[in-house]
Amino acid sequence: MEKSGAVVDQSPLVSPPAPPPLPGPATTNYYRRGLMMNGLPLRGHCCVSTATRNLWDDLFDTGYRADVVVNTADGGVIFAHANILGMASPVLNGLFRQSKGLGRRKSISIRGVPRDAVRVFIRFLYSSCYEKEELREFVFHLLVLSHSYVVPQLKRLCEQQLEQGLLTIENVVDVFQLALLCNAPRLSLICHRMILRNFKAVFATDGWKVMKQSHPALEKELLNSLVEEENWKKVRIRKMNERKVYLQLYEAMEALVHICRDGCRTIGPHDKDFKDNQAPCMYAACKGIESLVRHFARCEMRVSGGCIHCKRMWQLLELHSRLCAYSDNCRVPLCRNLGEKIRRQSKKDEIKWKILVRKISRTKRIGEGPFFLSMNSSS
């Protein structure tokens, strides 16, 4: 029974309103737990606004309370903060720990690269921000700096820029040497493949000539790898041609059994009832085997062994007898008789035939093919 004070709502159920959309990426970036950023797992949630990144850039540009002086080429000076640089680079952190004196401004030197490249590098340590034009202009210098000071995010970024469009015939040798020095295996592999594919053009570049004088051992390794690549191409082409031959022999075996067992169009076993409206033959080698069988049937030179076409037919019949596992019920002519002849062959000829049969079987998996399964089942 219902209680006297209960009120029953007979109104239809109404779905709750849709929640408002999240703020767009123009203001805030949201990363959920378990996602990756720059190839590294994020700890918890990260909500970094554009204003915060601009604040880091402003801190770098203004040098507010900077305690580090970075000396660059041409007498340039960049002011920075030791805590930020030390957190972003373990190498710089070690340098700051070794420096003596508290409360005094520290000084480090980054020479050998342009001043603007150092500025782009230091700015990346602050906010992970960069200008695309500057990154493309100083990509080689930034790759060296990121490797030397162990900044993996920037190093990965430079490698991607080189892989995705900055790699050319003119600079591939220089980039290859740089990738080897900076321990960038993927980039070095891409350069190595590009050198081998375009060797004639690369060989005529200035980069190759400089490498020949400065690193003759590296040039020798590239030439050796080129020879190995050419040999491997020849081996691959030879194996492909051999595979084509084995496939043709397999198709010939299919067509031979098809003609002798089922019949094809105007040729077949004596008890075959040929019809005018037969479907087209599905075996590609059937036409050639048919003409070979007709020639073999009427040739007068086949007994003396003087006809090349009859010799080929004898070889096909012997190959079939070696592949056929049911010679007692096989309808291919001489299948059983040739099997007895095989037992009396010399050991040398037997080895040659076994190698041929094994290669044909591996090429087409003849023991698992649907044609020979149907042949075996029908016998």
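Conventions used here
Residues numbered from 1 in each chain as written. Predicted model: local features only at pLDDT ≥ 70, side-chain atom pairs only at ≥ 80, totals over all residues. Heavy atoms only, no water. Helix = DSSP H or I, 4+ residues; strand = E, 2+ residues; numbered from the N terminus. Buried < 20%, exposed > 50% of the residue type's maximum accessible area, 1.4 Å probe, protein only. Contact = heavy atoms within 4.5 Å. Areas by Shrake-Rupley, 256 points an atom, 1.4 Å probe, with all protein chains shown as cover. Pairing = 2+ DSSP bridges. Salt bridge = Lys/Arg side-chain N within 4 Å of Asp/Glu carboxyl O. Axes fitted to C-alpha atoms, helices over the stretch in contact; angles between N-to-C directions. Parallel < 35°, antiparallel > 145°, perpendicular 65-115°, else oblique. Left-handed = near helix turned anticlockwise from the far one by under 90°. Nonpolar A, V, L, I, M, F, W, Y, C, P; charged D, E, K, R; others polar. pLDDT = per-residue confidence, 0-100. Core = buried A, V, L, I, M, F, W, Y, C linked by side-chain atoms within 4.5 Å.

**Structural notes on the overall build of the chain**
In terms of helices and strands, the chain carries 17 helices and 7 strands. Burial statistics for the chain: of 379 residues in total, 35% are counted as buried. Intrachain contacts of the chain at a sequence separation of at least 6 include 57% that bridge at least 24 residues. If you sum the accessible surface of the chain, you get close to 25,300 Å²; carbon and sulfur atoms cover 55% of it.

**A word on the pairing of strand 6 (residues 77–80)**
Burial along strand 6 is one-sided: the residues I78 and A80 are buried and none of V77 and F79 is. Bridging between strand 5 (residues 68–71) and strand 6 involves 4 bridges; their strand directions are antiparallel. The residue of strand 6 that forms the bridge with V70 is I78. Linking strand 5 back to strand 6 in an antiparallel pair, the connection comprises 5 residues, with D74 at a positive phi of about 60°.

**Focus on the pattern of salt bridges**
Inspection of every chain in the model, using the stated rule, returns 6 salt bridges. Close ionic contact of R186 with E163 constitutes a salt bridge, the shortest N to O distance being 3.0 Å. A residue pair is termed long-range when its members are at least 10 positions apart, and R186 in helix 9 (residues 185–197) and E163 in helix 7 (residues 152–166) qualify at 23 residues. For E242, the salt bridge is made with R238, and the minimal N-O distance between the two is 3.2 Å. With E242 and R238 both in helix 12 (residues 216–261) and 4 residues apart, this pair spans about one turn of that helix. Classification of E242 as partly exposed rests on a relative accessible area of 27%. According to the relative accessible area criterion, R238 is partly exposed, its value standing at 43%.

**Thoughts on the packing of helix 13 (residues 286–298) against helix 14 (residues 308–323)**
Close contact between helix 13 and helix 14 brings their axes to 9 Å; oriented N to C, the two are set at 110°. Viewed along their axes, helix 13 and helix 14 adopt a mutual orientation that is roughly perpendicular. Helix 13 and helix 14 meet at a crossing whose hand is left-handed. The residues of helix 14 that touch helix 13, namely those facing I289, L292, V293, H295 and F296, are H309, C310, R312, M313, W314 and L316. Partitioning the contact of helix 13 with helix 14 into residue classes produces 8 nonpolar, 2 polar and 1 charged.

**Describing the confidence of the model for the chain**
With 75% of its residues at a pLDDT of 70 or more, the chain shows a mean pLDDT of 79. Segment residues 24–35 is flagged for pLDDT under 50; beyond a separation of four residues in sequence, or across chains, it makes 24 contacts in the model. Segment residues 366–379: pLDDT under 50, and 22 contacts once partners within four positions in sequence are set aside and those in other chains are kept.

**Let's talk about unusual backbone geometry**
Of note, the phi angle at R65 is positive, near 50°, even though the residue is not glycine. Structurally, the position occupied by R65 is in the loop between helix 1 (50–62) and strand 5. Of note in this structure, D74 is not a glycine but carries a positive phi near 60°. Structurally, D74 can be placed in the loop between strand 5 and strand 6.

**Observations concerning the packing of helix 8 (residues 172–181) against helix 11 (residues 206–214)**
One can describe the packing of helix 8 onto helix 11 by two numbers: an axis separation of 7 Å at closest approach and a directional angle of 45°. Taken as axis vectors, helix 8 and helix 11 run oblique relative to one another. The residues of helix 11 that touch helix 8, namely those facing V173, D174 and Q177, are G207, W208 and M211. Of the residues assigned to the contact of helix 8 with helix 11, the class counts are 3 nonpolar, 2 polar and 1 charged.

**Overview of helix 6 (residues 139–148)**
For helix 6, the set of buried residues is V139, L142, L143, L145 and S146. Taken together, the buried residues of helix 6 touch helix 4 (115–127), helix 5 (132–137), helix 7, helix 8 and helix 9. Directly beyond the C-terminal end of helix 6, a positive phi value near 55° is found at V150.

**Observations regarding the sheet that holds strand 7 (residues 106–109)**
With mixed pairing, the 3 strands of this open sheet are ordered in space as 6-5-7. The sheet is open, and its two borders are formed by strand 6 and strand 7, each paired with just one other strand. Direction aside, neighbouring strands of the sheet carry axes that sit 25° apart on average. On top of the sheet, helix 4 reaches strand 5 and strand 6; it is set at about 5° to strand 6, its chief contact.

**Section: the side chain of S146**
Looking at the element boundaries, S146 is found in helix 6. If near-sequence neighbours (up to four positions away) are discounted, S146 is found in contact with F121, V151, L154 and K155.

**Quick word on the nonpolar core**
Of all hydrophobic cores here, the largest spans 54 residues; its most connected members are L85, F121, I122, L142 and I195. The element best represented in this core is helix 4, accounting for 8 residues. Residues in contact with L142, not counting those within four places in the same chain, are A117, V120, F121, L135, L154 and C158.

**Points about the environment of I259**
Position of I259 among the secondary structure elements: in helix 12. Given the relative accessible area of 3%, I259 is considered buried. Each C-alpha atom of the pair I259 and V293 lies 9.4 Å from the other, and the pair is 34 residues apart in sequence.

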